[in-house]
Each structure stands twice: as structure tokens, then as C-alpha cells.
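So the chains spell out like this:
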Amino acid sequence: MSAADLSTLLVWFATTAFTITLLAWTLDLARIAERSAARRPAVAPAAVPVGAAVGLGGTSPTDDPAAGGDRRADRSPFRSARAEGIGRSTNVLGVALLLAGIALRGVAAGRWPTANMYEFTLVGVVVAMGVLAVVQRRRALPFIAVVVSGISVLSLALALLVFYVQAEAVQPALQSYWLVLHVGVAIIATGVFTVGFASSVLQVLRESRETDRSHLDGSWGRVDPLRRALSGWKVTGRRFAWLEQVPDARSLESLTFRLHSIGFVLWTFTLIGGAIWAEHAWGRYWGWDPKEVGTFVAWVVYAAYLHARTTRGWSGRRAAYIVWVGYAVVLANFTVINLVVTGKHSYSGLG
Amino acid sequence: MNATRRPEGLDDAFLDGPTQAAPPAIGVVGWLRWAWRQLTSMRVALLLLMLLAVAAVPGTMVPQRAQSPEKVTAFLQTHTTAGPWLDRLGFFSVYTSVWFSAIYLLLFISLVGCIVPRVRLHAGALRGRPPRTPARFGRFPAQGTGASPDAPQTVVERAAAVLRAPHRIPFVRSYRVDVHDEGAGTWSVSAERGYLRETGNLVFHLALVGLLVAIATGQLLHYRGQVLVVTGHGFANAQAQYDTFESGSAFDPASLVPFTLGLDSFESVFDPQTLAARDFTANVTLTEPGGAGQASTIKVNHPLTAGGALVYLQGNGYAPDLQVTDAAGEVAFSGPVPFLPQDSVYTSRGVVKVPDVSGGQAQIGISGFLLPSAVQMGETTWRSVSPQPDDPLLVLAVWSGDLGLDTGVPQNVYTLDTAGLVQSVTAAGAPVTVYLRPGDTVELPDGLGAITFKDLPRYVALDLRYDPATGWVLTFALVALAGLAASLFAPRRRLWLRAGPATDRDQGPTVVTAAGLARGDDLGLDDELDRVLAATLGRAPTGPDDPPAGTSDEVSSQEARG
Ligand code: HEM
């Protein structure tokens, strides 16, 4: 078996591992939902630790009774320790397999493995799942795990089935160390934005629950058939009782922000690095190529998010909506622009 | 929900951005002031940012003149109703349109109006002292207590030394520190760090302004020319020598440095299996004014510097060297004709226009394909199997009549306007196809003359660009990046520590209380307070994995709730 084939096989294994991660966390989430719904009266929102900090890589404050409460919550009977264990270990295993697959891909092609959409997706997933593993190390956040591993499994499937191209050397325009710097950093930023996106979704859900507001409520709720059909899915209802097990909206907001500050700095670097590379390769640093526009739009949207956070009336929930727009732009910039629009970035190798 | 957590009633909290604008005063000046305040408010900045993002999108959906004029023409032909309207509204040149420019100019005016007052305030803050120790610590997000056998003054001075000492980053003082004697044996220390955070933010925003100015300057002064050069030939840096040339409005044509550049040879490497391009090298000789010729190379990603401009290798192909003689036997055309590659095996399309025929003969137009490595697939079908010239073949159709060159309308040299031409056909009515290999001379149909395929040199497409501002653009971009990182990652904190004589119920002669406040979210604040307390009281700091210290009476801190 050649290195390239072995690489593909490892990617399939990693996809399988991440699918198990996804299932394990979904099970955990379902278990929590079920049990906290059943025991709802016992767990009034007030009993939820407030001010709990979510540690990114072990920075959580320690001698804080609230944080102590968090750890107890981790061991609460709501959770399925087995599922969480499986989720964590397959996550790490998958990252290891995928890293090996990516490295072999680089060996097979004889270059840095970030030259086409297939490779881009692999590296992006490895970063997202890596960040997930770090975020989950201290404190289990099954919801974030489900969103991130869900997106990752889908992306890997898409990569293997649609984006796949043979491992080979690249065309002259890509022969530059900027392939490592610019593309590498863009991928890492995308991975970080993915986790940040999941965190912002959780933040909004949790906030709705805290403030006891649901879009499915209201005077139209009984008339509007769509709302009636979805009435079991009210964020304030039993199905979302598990939300009381997650950190409060404010802690999630600050996790969202921290991830996005890292992502934004990386994205800024991507933008500048791309411009420098374009100056070398195409003879201009900026030309409003569709990919450049997409990157710029995402950058401006995330800048808007950073401003919204400090604008009265826009912080919290509304700022999180801007994150969703930003993430949608990042995804569209990768998929639609590479595959549908023709520009100078048509490097998918799928032409 | 307010993202900058701060205990209410804390009047010396960090300054925030401009707050709510007051309702408008009467009169023009009042309205202007109100408008200005609105424009420089964070809310309007936010809206302008979102508007900018939205406004940039149509440029990816509708073809743009600057990038692909031919697609714009095609679009206008297919969308006869919407097209002209989109054109009028500037949708084919979004990024230079009035509305796009208005948005970003307003944004930058807003930015300057927002940042300049902040710079002034911050300059004051940089010279200021840390705020005095608040009377009560009850409301602060981070708090700690402890006891010490030492006198209050000793404890406070030790704390001041701990706070001043570099931490994490060597040689950089971490806190600005003031020690206060509060009377009655009580001492306190106030400390502040993280001016870098605001500095970074201001530097970032100002660098964006610098970036815009640098880009605009470059636009004014730049020039860009494109030229095709066949091996063995060259060009001089003069406006007339370029196939296309455009420049900024402040560009002075006399400033073109008259160097000459000759193409000696061109090498290309293709993957033997996939035939994908791997490497292109143009070997050139550059002669700067007053200098001797210097051999050099141009590769993709590695432009050549010539006369202050950069020369990029943008494309390459084959330019069959052809000679056409007319019916009278006169040479009517001679020279290399660039053919444009259409695919990865360099199947190339090209056109020869022969207007200068002798006598009253009809003008000749020839169009067709070059196959660098021709393989016969069927009776009349040929295909190229490799981009390298292993077995070149020209497959041509012949037209005669009026080439339409005298109408005054500029023509594309790569297409034949067949309006005034008729194609040569055989007796059976099928189009005549002329096949040529290097060295061949073939009679043209209808007695039009003959064509000779003399040689197959290569050509390169060079793109020459001069922009004196790129260095500044890069500098401002990097400064912005550094400022951004500082403003997002440098923690801004205030810490206070007070030591006073114990009342009877406390243990130890001196009780110590401490509080901390941070700007924005600051996960490290509690750890920092613990570190300072521990170092001051001579205790090892609690590690992150230790159990909660809530029960310990030596050092404890607590995050305020709500
Ligand atoms: C070209 C337009 C602009 C861009 C790309 C931009 C970008 C950014 C970015 C990325 C940040 C985050 C850095 C940080 O949080 O410290 C930021 C912060 C900030 N920006 Fe802007 N900005 C722009 C215009 C403006 C304008 C017009 C204003 C004033 C009305 C403004 C006021 C601020 C303030 C006050 C902060 C600090 C927020 C905080 O306290 O965290 N910016 N800006």
C-alpha cells in the first residue's frame, strides 16, 4: 500500500472515530436532557452555578466555590460518564489518526499538505477537533462537542467523497512557503471559528432559557401551524432542560469572545499573508478576487462582532448572531467560492 | 447584558467608548454637533461595518469590469433589462462605486472621530497614577484576604515590590504602583497594568487609517503594463511598448525608467504523468540605463525588479513563426504569432491577419489551433497529448475578404471578425483545413498564396507593476496586526491591597485584604490576585489543580456573583 492510500485509509479511520465521538456526545446530551427533564423541579435554575468559568487550556480560576460547584456538576448523575469517556478518547484517537493521515499525505505529495480543498478540510477538522479536545479537557460541554464533531464528520465525508484528489505536487503559483503560512493559518482560524460558533449557539440557547424566552411562544404560538408543530422544541421546554447543566450564558459569552479574539487575529494574519503572497504570485496585493472579497467580508463581519460586544444594546445575544453570519461567510468562502465562482483561487483540483 | 463586567457604582472604572449622544440642541451648529456625535458613535460604526460587509458581496456575484471585462459584456448581452440598470448603479465596478466608497469613507471618518479623542484621553492616562485604593472592596469581581505576622507597612511595601517586579515577560515592569499611608496604622497599595491594551487598540485603528492612505497613494502613483515577449525578442520600458497600460492619475510618464528586457529562453517543466505544470523559468537579460546587460530569471512567485518596478511572469505559450506570401509571391506577413493556450496540454488558439496583400487581392485571415504534441485520433481529428513541443502541428482554416481593420474600432488580435470574410471551402463544400508542421510550406486554397511554418519559439506574458507605496501598505498592515494582538490579549488590570491592624477576632497581627478589577473578560484575574497575595504573604501560590481554597483561612479569593 502506498503512502497516499494509507493516508486515505487513516482519514477514513479518523472519520469513524469522530463519528463515534459524535454519537457518544449525542448520547450524553440526550441522557442529560432526559434526566434533567425528569427531575426538573429539583434543579431550579437558581441552583446552577453562576459565574462558572470555562477554562480554555487550564486557565480557569480555581479557588472559587463556583468552579468547585462545576466540578461537582461534572460528576452529577445527569451525565453518562461512559459516554463522555468514549467521546473524549475517540476524539483524541481521531485527532491522532487524522494527523498521521495528513502527514502521510504530505509525504506522498512531497510537499506541505494544504494545497487543495481535500487537504484544507482535513487540516481544518484536525484543528477544530484539537481545540475541542482542549476545551473539553476540564469541563464537558456535550453540546459544543456535538456541534463541532457533527460539522467535522460532515466535512470529512464531503472531503473524502467530493473534494478528494490525488496527492501530487502543486502548480508553480502554489510553490511558496506562503502555502504553509497563509493557508495553514487560515485553516487554524477556521477551526477556531468552528468551536467559537458552537459556543455562541450554546450561549444563545442558554440565554433564552435563563430569560425564559422562546420564539415559539407568543400570541401566534397557538395559531401558526409551524410553531405548533415545533412546540415540543421550545428552548424553555423539557427537551432543553439539559441547558441548565451548561455554564451560564455569561461564561459562554466570554468563551465565545476569547475563541473569536484568537480566531480574528489569525484571520487578520491570513488576510495580510494572502495579500503578501498575491503580491509575489499575481503581481498585486489586492484585486477583489472572489476569495479575497470573501475573506474581507468575513473579517469585517467579525470586526463588527468585536464592536457589537462593547456596544450598548448589541452585546450578548445580538453579537452572537453576528458570529453566525461570520461563520456562514467563512464556510461559503470555502465552499461556494472554490467550487462555483471562478477566480484565481480555483485550486480545488476539481475543475 | 453588559460585556464589560464592572461592579455598579464604581466611578473610576475604565473609560468606555463614547456613550449615548445627547438629544440635539437647537440650531445648525447643534444639529451638526449631534450628527457628528452620531457618526462617531459605536453604534453607527457597527452599522457601517455591517453595511461594508454587505456592500462587498455583489462584487462576487456580478462580473466586475476590472477583473473580467469580457464577462461584463456577455452579462449585458444576456440580461438586457436588468443589465443597464445594474451598470448605471455601478454593480460592474462595485469596489470603485460611489456607494461602496461612501460607506468606507464614512467609516473612516467615524473611526478618526472616535479615535482622536481616545488618543487624547489615553495620553493623559499614560501620565496618570493608578487610582486610589477604594474604601471598600466588597463589589469587585476578584477579592482575597489573608493574615501576616508583619507590620502593615512592611506588608504593603512587599506587595509593591511584588507588583513592580517583572512577571512572565522579563525586564518589563508589570504594574505601575502607588503606596498610600491611610492613617491609623493602615497602609494600602494601588496598582495598574495594561495600558498596552488601549495603546494597542488605538495603534490598530490608526494603522487602518494609515493603510487606507498608503493604498490610495499607491493607486495615484502606480502604473501597470502587460506585454508579450517572444524568445529572442525584448521590449523597452516605454508606454507605447506595452500591449495594455494603465496608471494612476498622479503618474508621470516621464518617470518610466527606460530599461530594456530581452527574453533569452524559456523553460517549462511538467509532471510526466499528470502533465500538470510544475515549474516555469524565463531567462532574461535586463539592461538598465547606462548599465551593461545582466542575465537574470523570472519565475512565478519570484518577480524581477527592474527600474523600480516589478516584472511578473504571468503566462506563457507558443508563438509559431509564420510567413505568408500572397498570390503575387510577395511576403505579406512574417513573424511570430502568439497562440493562447486553452488547456493543460497547450492546445492553443491563434489568428493571423494579413491585410497587406499586394495588388487587388482580398485580405487573408487565418485562424486555428496549434497542437504541441499532435496525435491523429480520426480521419480529421487531432489531439495534443503533451504540453511540450514533441510533434507540433498547426491546424488552420482560411478566410478571405475584408478583415474589418479600417473601421477604426479596435479589434482583438486573438479573434477574427468574420463579418466581411468568407471561408475557403472544398469543391464538396466542406471547409478547407490546412495542416502544417515546422518547416512546411503549404499552398493556401483559392489561390490566395502560401504559408510557411518556419519555427516554434515560445513567448511569455509579462506583467510589469510599479507601486511605490507597497512598503507602507505592508508596514501599516503589520502594525495593525501587532496593535490588534496587544489590544485583544494584553490584560488590563487594577489591583489593590490593604494591610491594617487586626481586630481581636482575626488571627495574626495584620489583616490583609485585596481586590482586583479587569477590563473586559479576564480569566486570569483571580490567579493574578492569588499570586500577588501569596508572594506578599510568603506562601506558595495555589496551583490550578488544587482543591478549592474556600475553606483555607490563609488565602482565599472569591468571584463576586452576578
Ligand atoms: C475600518 C473600520 C474599523 C475596523 C476594521 C475596526 C476594527 C476593530 C477591531 C478588530 C477591534 C477589536 C480590538 C479590541 O477589541 O480591542 C476594535 C475595537 C474597537 N473599535 Fe474599532 N474598527 C473600526 C472602526 C471603528 C470606529 C469607527 C470606532 C468608533 C466609533 C471604533 C471603535 C472601537 C473601540 C472603542 C474598540 C474597543 C472595543 C473594546 O473596548 O474592546 N472602531 N475595532
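Numbers given to residues run from 1 along each chain, matching the order in which its sequence is written. Working convention: letters from A go to chains and numbers from 1 go to ligands, in the order in which they are written. In keeping with the model being predicted, local features are shown solely for residues with a pLDDT of at least 70 and side-chain atom pairs are shown and tallied solely at 80 or more, while totals for entire chains, interfaces and linings include all residues. Excluding hydrogens and water, the side-chain values take into account all heavy atoms of the structure.

Q: Even after reading the chapter, I still don't get the overall build of chain B, so can you show me in this structure?
A: Helix and strand assignments come from DSSP, with helices taken as H or I runs of at least 4 residues and strands as E runs of at least 2, each series counted from the N terminus. A count of helices and strands for chain B gives 10 helices and 27 strands. Across the 562 residues of chain B, 46% fall into the buried class. Any two residues whose heavy atoms approach within 4.5 Å are treated as being in contact. Contacts spanning at least 24 positions in sequence make up 63% of the contacts within chain B whose residues lie at least 6 apart. Surface accessibility follows the Shrake-Rupley procedure with a 1.4 Å probe radius. Residue values consider only the protein chains on display as shielding. About 27,600 Å² of surface is accessible on chain B, with carbon and sulfur atoms providing 59% of the total. The buried label applies to any residue whose accessible area, calculated with a 1.4 Å probe on protein chains only, is under 20% of its type's maximum; exposed applies above 50%, and partly exposed to all values in between.

Q: In this structure, what is going on with the overall build of chain A? I would like to understand it.
A: Tallying secondary structure elements over chain A gives 11 helices and 0 strands in all. The order of α-helices and β-strands along chain A, N terminus first, is α-α-α-α-α-α-α-α-α-α-α. Per-residue burial for chain A yields a buried fraction of 63% across its 351 residues. Across chain A, every contact between residues at least 6 apart in sequence was considered, and the portion connecting residues at least 24 apart equals 82%.

Q: Can you walk me through the nonpolar core in this structure?
A: What tends to happen in soluble globular proteins is that the nonpolar side chains get buried as a cluster. What we call a nonpolar core is a set of buried Ala, Val, Leu, Ile, Met, Phe, Trp, Tyr and Cys residues that are connected through their side-chain atoms within 4.5 Å. Counting 121 residues, the largest nonpolar core has Phe18, Leu98, Ile144, Leu202 and Trp242 of chain A as its most contacted members. With 14 residues, the top contributor of residues to this core is helix 6 (residues 178-211) of chain A. Counting residues in each nonpolar core, the second largest holds 51 residues, with Val229, Ala332, Val432 and Leu444 of chain B among its members.

Q: Help me out: how do you make sense of unusual backbone geometry in this one?
A: In most cases, non-glycine residues show a negative phi, while peptide bonds are predominantly trans. Residues and elements named next belong to chain B. Notably, Ala184 is not glycine yet its phi reads approximately 55°, a positive angle. Tracing the sequence through the fold places Ala184 in the loop between strand 2 (176-183) and strand 3 (186-193). A positive phi angle, close to 60°, is found at Tyr346, a residue other than glycine. By the secondary structure assignment, Tyr346 is in the loop between strand 14 (340-341) and strand 15 (348-354). On the basis of relative accessibility, which here comes to 8%, the residue Tyr346 falls in the buried class.

Q: Sorry, what's going on with the packing of helix 8 (residues 249-281) of chain A against helix 9 (residues 470-489) of chain B here?
A: In a packed pair of helices, the relevant descriptors are the angle between the two axes and the axis-to-axis distance. Axes here mean lines fitted to C-alpha atoms, for a helix over just the part in contact, with angles spanning 0 to 180 degrees between N-to-C directions. Two numbers describe how helix 8 of chain A lies on helix 9 of chain B: the axes approach to 10 Å, and their chain directions differ by 170°. Considering their axes alone, helix 8 of chain A and helix 9 of chain B lie roughly antiparallel with respect to each other. Where helix 8 of chain A approaches helix 9 of chain B, its residues Phe257, Ser261, Ile262, Phe264, Val265, Thr268, Phe269, Ile272, Ile276 and Glu279 of chain A are matched on the opposing element by Thr470, Leu474, Ala477, Leu478, Leu481, Leu484, Ala485, Leu488 and Phe489 of chain B. For classification purposes, an angle smaller than 35 degrees is called roughly parallel, one larger than 145 roughly antiparallel, one from 65 to 115 roughly perpendicular, and anything else oblique.

Q: Just to check I follow, could you spell out a nonpolar patch on the surface for this structure?
A: Residues and elements named next belong to chain A. Candidates for patches are residues over 30% relative accessible area with no salt bridge; among them, like charges are joined within 9 Å and nonpolar side chains (Val, Leu, Ile, Met, Phe, Trp, Tyr) within 5 Å. In what follows, salt bridge is the name for a side-chain nitrogen of Lys or Arg lying within 4 Å of a carboxyl oxygen of Asp or Glu. Judged by side-chain polarity, Trp12, Leu158, Leu161 and Val162 come together as a nonpolar surface patch covering roughly 390 Å² of accessible area. Ranked by the residues each element gives to the nonpolar patch, the list is headed by helix 5 (residues 142-163), at 3 residues. Looking at the element boundaries, Leu161 is found in helix 5.

Q: Got a minute to help me understand the sheet that holds strand 12 (residues 321-326) of chain B in this structure?
A: Remark on secondary structure: sheet strands pair via backbone hydrogen bonds, oriented parallel or antiparallel. All names here are of chain B. Paired strands, as defined in this entry, are two strands with at least two bridges between them according to DSSP. The strand order across the open sheet formed by 4 strands is 13-12-23-22, and the pairing between neighbours is antiparallel. Both edges of this open sheet fall to strand 13 (331-336) and strand 22 (441-444), since each of them pairs with a single strand only. Averaged over all pairs of adjacent strands, the angle between strand axes in this sheet comes to 15°, irrespective of strand direction. Examined bridge by bridge, strand 22 and strand 23 (residues 449-455) share 4 bridges and lie antiparallel to one another. Bridging across to strand 23, Val442 finds its partner in Ile451.

Q: Is there a simple way to explain the pairing of strand 4 (residues 223-230) of chain B in this structure?
A: In regular strands, side chains alternate between the two faces of the sheet. All names here are of chain B. The buried fraction of strand 4 amounts to 6 of the 8 residues, a majority that puts the element mostly inside the structure. Examined bridge by bridge, strand 4 and strand 24 (residues 458-466) share 8 bridges and lie antiparallel to one another. What sits directly across from Leu228, in strand 24, is Ala461.

Q: How should the coordination of the iron atom of the ligand be read in this particular structure?
A: A four-donor tetrahedral metal ideally has 109.5 degree angles, and a six-donor octahedral metal ideally has angles of 90 or 180 degrees. Protein ligation of the iron atom of the ligand involves His307 of chain A (NE2) and His205 of chain B (NE2), the donor distances falling in the range 1.9 Å. In this structure, the iron atom of the ligand is coordinated by 6 donor atoms arranged in octahedral fashion, with angles at the metal of 83 to 178°. With one member in each of two chains, His307 of chain A in helix 9 (residues 290-309) and His205 of chain B in helix 8 (residues 195-221) form a pair that bridges those chains. The pair His307 of chain A / His205 of chain B is uniform in exposure class, with both members buried. For Na, K and Ca the donor cut-off is 3.2 Å, and for all other metals it is 2.8 Å, counting N, O and S atoms only; because water is absent from this set, sites may look incomplete. For four-coordinate sites, all angles between 85 and 135 degrees define a tetrahedron; for four- and six-coordinate sites, opposite donors beyond 155 degrees with the remaining angles between 65 and 115 define square planar and octahedral shapes respectively, and all other cases count as irregular.

Q: What exactly am I supposed to notice about the packing of aromatic side chains here?
A: Where two aromatic rings form a pair, the distance of their centres and the angle of their planes describe that pair. All names here are of chain B. Each Phe, Tyr or Trp ring (for Trp, its six-membered ring) is paired with any other whose centre lies within 6.5 Å, and the angle between the two planes then decides the class: stacked below 30 degrees, edge-to-face above 60, tilted in between. Within the structure shown, the criterion is met by 30 aromatic pairs over all chains. Here the aromatic rings of Phe75 and Phe92 are separated by 5.5 Å at their centres, their planes lie at 70°, and the arrangement is edge-to-face. Taken together, the residues span a long stretch of sequence, with Phe75 in helix 4 (residues 69-78) and Phe92 in the loop between helix 5 (82-88) and helix 6 (98-127) at a distance of 17 residues. For the pair Phe75 and Phe92, one class covers both residues: buried. The structure contains a cluster of three or more aromatic residues connected by ring pairs, namely Tyr223, Phe235, Tyr242, Phe245, Phe251, Phe259 and Tyr466. By definition, being over a ring means that NZ of Lys or CZ of Arg is both within 6 Å of the ring centre and within 35 degrees of the ring normal. We note Arg176 situated over the ring of Tyr195; from NZ or CZ to the ring centre the distance is 4.1 Å. The cationic tip of Arg193 hangs over the ring face of Tyr175; the distance from NZ or CZ to the ring centre is 6.0 Å.

Q: Help me understand the site of the ligand, please; the structure alone is not making it clear to me.
A: Working definition: residue near molecule or strand if any one of its non-hydrogen atoms lies within 4 Å of it. Around the ligand, 24 residues are found, and the nearest of them are His307 of chain A together with Cys114, Arg118, His205 and Ser487 of chain B. Nearby residues around the ligand are contributed by chains A and B. Within the side chain of Ser487 of chain B, an N or O atom sits 2.8 Å from an oxygen atom of the ligand. Looking at which element gives the most residues to the shell around the ligand, the answer is helix 6 of chain B, with 6 residues. Two N or O atoms count as a polar contact when they lie within 3.5 Å, although within protein this holds only if one can serve as hydrogen donor and the other as acceptor, and sequence-adjacent residues are included solely when both atoms are side-chain atoms.

Q: What exactly am I supposed to notice about the sheet that holds strand 7 (residues 260-270) of chain B here?
A: Residues and elements named next belong to chain B. The strand order across the open sheet built from 4 strands is 5-7-8-9, with neighbouring strands paired in antiparallel fashion. The open sheet terminates on both sides in strands that have one partner only, identified here as strand 5 (234-236) and strand 9 (294-299). Across the sheet, the mean angle from the axis of one strand to that of its neighbour is 30°, orientation sign disregarded. Strand direction decides the pairing type here: strand 8 (residues 277-287) and strand 9, joined by 6 bridges, are antiparallel. From the neighbouring strand, Asn283 faces strand 9, where its bridge partner is Thr297.

Q: Whenever I open this one, helix 2 (residues 42-56) of chain B confuses me. Can you help?
A: Note that an α-helix has 3.6 residues per turn; residues three or four places apart therefore point the same way. An expected span of 1.5 Å times one less than the residue number is assigned to each helix. With 15 residues, helix 2 of chain B should reach 21 Å at 1.5 Å per residue; the first-to-last C-alpha distance of 21 Å fits that figure. Each element contacted by the buried residues of helix 2 of chain B is listed here: helix 9 and helix 10 (317-334) of chain A together with helix 1 (28-39), helix 3 (58-61) and helix 6 of chain B.

Q: What's the story with the pattern of salt bridges in this structure? I'm lost.
A: Pairs can form between side chains of opposite charge whenever their charged atoms are close. Scanning all chains against the criterion turns up 20 salt bridges over all chains. Linking Glu119 of chain A and Arg105 of chain A is a salt bridge whose minimum nitrogen-to-oxygen distance equals 2.8 Å. Placement of the pair is Glu119 of chain A in helix 4 (residues 117-138) and Arg105 of chain A in helix 3 (residues 81-109), with a sequence separation of 14 residues. The exposure classification of Glu119 of chain A matches that of Arg105 of chain A, with both residues buried. One salt bridge connects Glu198 of chain B with Arg118 of chain B, and the closest N-O pair in it is separated by 3.1 Å. A residue pair is termed long-range when its members are at least 10 positions apart, and Glu198 of chain B in helix 8 and Arg118 of chain B in helix 6 qualify at 80 residues. The pair formed by Glu198 of chain B and Arg118 of chain B is uniform in burial state, with each residue classed as buried. The structure contains a network of salt bridges with shared partners spanning Glu279 of chain A together with Arg465 and Asp467 of chain B.

Q: Sorry, what's going on with the environment of Leu158 of chain A here?
A: Residues and elements named next belong to chain A. In this fold, Leu158 is placed in helix 5. The class of Leu158 is partly exposed, set by a relative accessible area of 39%. Separated by 23 residues in sequence, Leu158 and Leu181 place their C-alpha atoms 25 Å apart.

Q: Which parts of the structure should I look at to understand the environment of Ala135 of chain B?
A: Locating Ala135 of chain B in the fold gives a position in the loop between helix 6 and strand 1 (142-148). The spacing of Ala135 of chain B and Phe108 of chain B is 27 residues in sequence and 42 Å in space, taken between C-alpha atoms.

Q: How should I be thinking about the pairing of strand 26 (residues 510-518) of chain B in this particular structure?
A: Residue and element names in this part refer to chain B. A large share of strand 26 lies buried, amounting to 7 of its 9 residues. When strand 1 meets strand 26, the two strands line up antiparallel, connected through 7 bridges. Following the sheet pairing, Ala147 is matched in strand 26 by Val511. In terms of strand pairing, strand 25 (residues 493-501) meets strand 26 through 9 bridges, oriented antiparallel.

Q: Got a minute to help me understand the confidence of the model for chain B in this structure?
A: Atom-level detail of predicted coordinates should not be read off regions where pLDDT is low. All names here are of chain B. Note on scores: pLDDT gives the predictor's confidence for each residue, bounded by 0 and 100. With 89% of its residues at a pLDDT of at least 70, chain B reaches an overall mean of 83. In this model, residues 1-21 is a region of pLDDT below 50 whose contacts with residues beyond four sequence positions or in other chains number 48 contacts. Scored by ipTM, the complex comes to 0.78, with pTM at 0.77.

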